[in-house]
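Each chain is listed here by its residues.
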Amino acid sequence: MITFSRSMLVGGEFLDETTVRFHGILEDHIYAMEIQMDVRIPDGVIAAIEGSMKRYTNPVCPRAVDVLQDAVGVSLREEGWASRIYREIGRKGCQHFAEILIECGRCMDLARMAHDLTPTIAGDPAASTTELANAWLQEHPEVQGSCMAQPTRGSGGAN
Amino acid sequence: MTLEFMRNKVVEVEPIDDRGLSVHWRLKDSMLEAGILIKVRVPDLEIVEAEARVDRSPHEQCASAPELVKRIVGVRVSQGLRKIVRGLIGGASGCSELTEGVLECCTAVILHYTVPQIRIGERLTEEQLLEARRALLESNPRMAGSCIAFAPDSPLMQEPGL
């Protein structure tokens, strides 16, 4: 029998070509909470955030909702942004809010890729996603170097 | 407005017997689909088996990512875990999704042990809860300052002895 289970859901909504709104939901046997976070695409800055707690373990936990505002101004492009969120939103607020926020932030570039590739794939479903993704990576140096699938341009990995 | 990207992650812990836990992790989103299965020995929480798969990805390199996960065998779910796992399978030549997946599996193992404690706490009186909190902080001093509930100015920490 499963004794513990956690589900995390992230949705990316493009309000316009410069802003993506993330909806993040966490539900597990102990906790249930969600956030909505607007991110500026050009510089990765968190422009707005709100959240709510539905299930938590003690009456002080909901105070962490206000601490979410400390994420405004953090850029998802800055080195160590996730560690900063763990410290400033997690330790000073709620670790689980930090986990949702970081998950949303980590989806930023995949969401951008999906957004940019959708019109092409819709028009030609047989188009190679791999070729389209490689071409997209070539055009977005800010994403390169983050893992084995997104090597720095010129390193001979994806090219 | 409609969503243009959607991600769904699920992690589940299941006791195998009184000496082990099985942890399944799955990720499915608009671009990726992957899974991890780890087995953890009880009570020392050493990872004794680890396997992964990448079923869908826009990047060809991801096909070799599952092999990385085997490196975590022998690691214990304990302090310093994040740094160890990121060093073994993360970084520019690793896989960020499987790294986070492994860490989420390990978090789930910890929370598997937390659930029964919280259920016990739900049936305690205020006085018993206070005593339980004192005992928790004594056995886990790192909990102090770990979140807003255990911050120095939290009402929960103003009680005598905390």
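You'll find the structure just up there.
*Asks:* Even after reading the chapter, I still don't get the nonpolar core, so can you show me in this structure?
*Replies:* In summary, soluble globular proteins display a tendency toward joint burial of nonpolar side chains. Phe22, Phe97 and Leu101 of chain A are the most contacted members of the largest nonpolar core, which has 91 residues in total. Ranked by the residues each element gives to this core, the list is headed by helix 3 (residues 96-121) of chain B, at 9 residues. In this view, leucine 101 of chain A contacts Ile35, Met37, Ile46, Ile49, Leu68, Ala71, Ile85 and Ile89 of chain A; residues no more than four positions away in its chain are not counted.

*Asks:* Would you mind showing me how to read the environment of leucine 117 of chain A here?
*Replies:* In this structure, leucine 117 of chain A sits in helix 4 (residues 108-123). Leucine 117 of chain A gets classed as buried once you look at its relative accessible area, which sits at 6%. In the structure, leucine 117 of chain A is positioned 16 residues away from alanine 133 of chain A in sequence and 7.9 Å away in space, judged by C-alpha atoms. In this structure leucine 117 of chain A touches Leu132, Ala133 and Trp136 of chain A together with Met31 of chain B, once residues within four positions along its chain are discounted.

*Asks:* Just to check I follow, could you spell out the interface of chain B and chain A for this structure?
*Replies:* Accessible area lost during the coming together of the parts is what is often quoted as the interface size. At the interface, 54 residues of chain B touch 57 residues of chain A. Both sides of the chain B and chain A interface together cover about 4500 Å² of buried area, and 59% of this is carbon and sulfur. When residues of chain B are sorted by the area they lose upon contact with chain A, Glu4, Phe5 and Ile148 of chain B head the list and together hold 15% of the total. Put simply, chain B and chain A have 3 salt bridges between them. Salt-bridge contacts for arginine 7 of chain B lead to glutamate 103 of chain A; the nearest nitrogen and oxygen are separated by 2.7 Å. Inspection of the chain B/chain A interface yields 20 residue pairs in polar contact (both at pLDDT 80 or more). Listing elements by their share of the side of chain B that touches chain A, those giving two or more residues are strand 1 (5-17), helix 1 (65-69) and helix 3 of chain B. Ranked by residue count, the leading element in the side of chain B that touches chain A is helix 3 of chain B, at 12 residues. Class assignment of the residues belonging to the side of chain B that touches chain A gives a composition of 26 nonpolar, 16 polar and 12 charged. Sheet topology places strand 1 (residues 4-16) of chain A next to strand 1 of chain B; 9 bridges connect them, and they run antiparallel. Bridging from a neighbouring strand, glycine 11 of chain A pairs with methionine 6 of chain B of strand 1 of chain B.

Cut-offs and rules
Residues numbered from 1 in each chain as written. Chains lettered and ligands numbered in written order. Predicted model: local features only at pLDDT ≥ 70, side-chain atom pairs only at ≥ 80, totals over all residues. Heavy atoms only, no water. Core = buried A, V, L, I, M, F, W, Y, C linked by side-chain atoms within 4.5 Å. Buried < 20%, exposed > 50% of the residue type's maximum accessible area, 1.4 Å probe, protein only. Helix = DSSP H or I, 4+ residues; strand = E, 2+ residues; numbered from the N terminus. Contact = heavy atoms within 4.5 Å. Buried area = accessible area lost by both parts, 1.4 Å probe. Salt bridge = Lys/Arg side-chain N within 4 Å of Asp/Glu carboxyl O. Polar contact = N/O pair within 3.5 Å; in protein donor to acceptor, adjacent residues only side chain to side chain. Nonpolar A, V, L, I, M, F, W, Y, C, P; charged D, E, K, R; others polar. Pairing = 2+ DSSP bridges.

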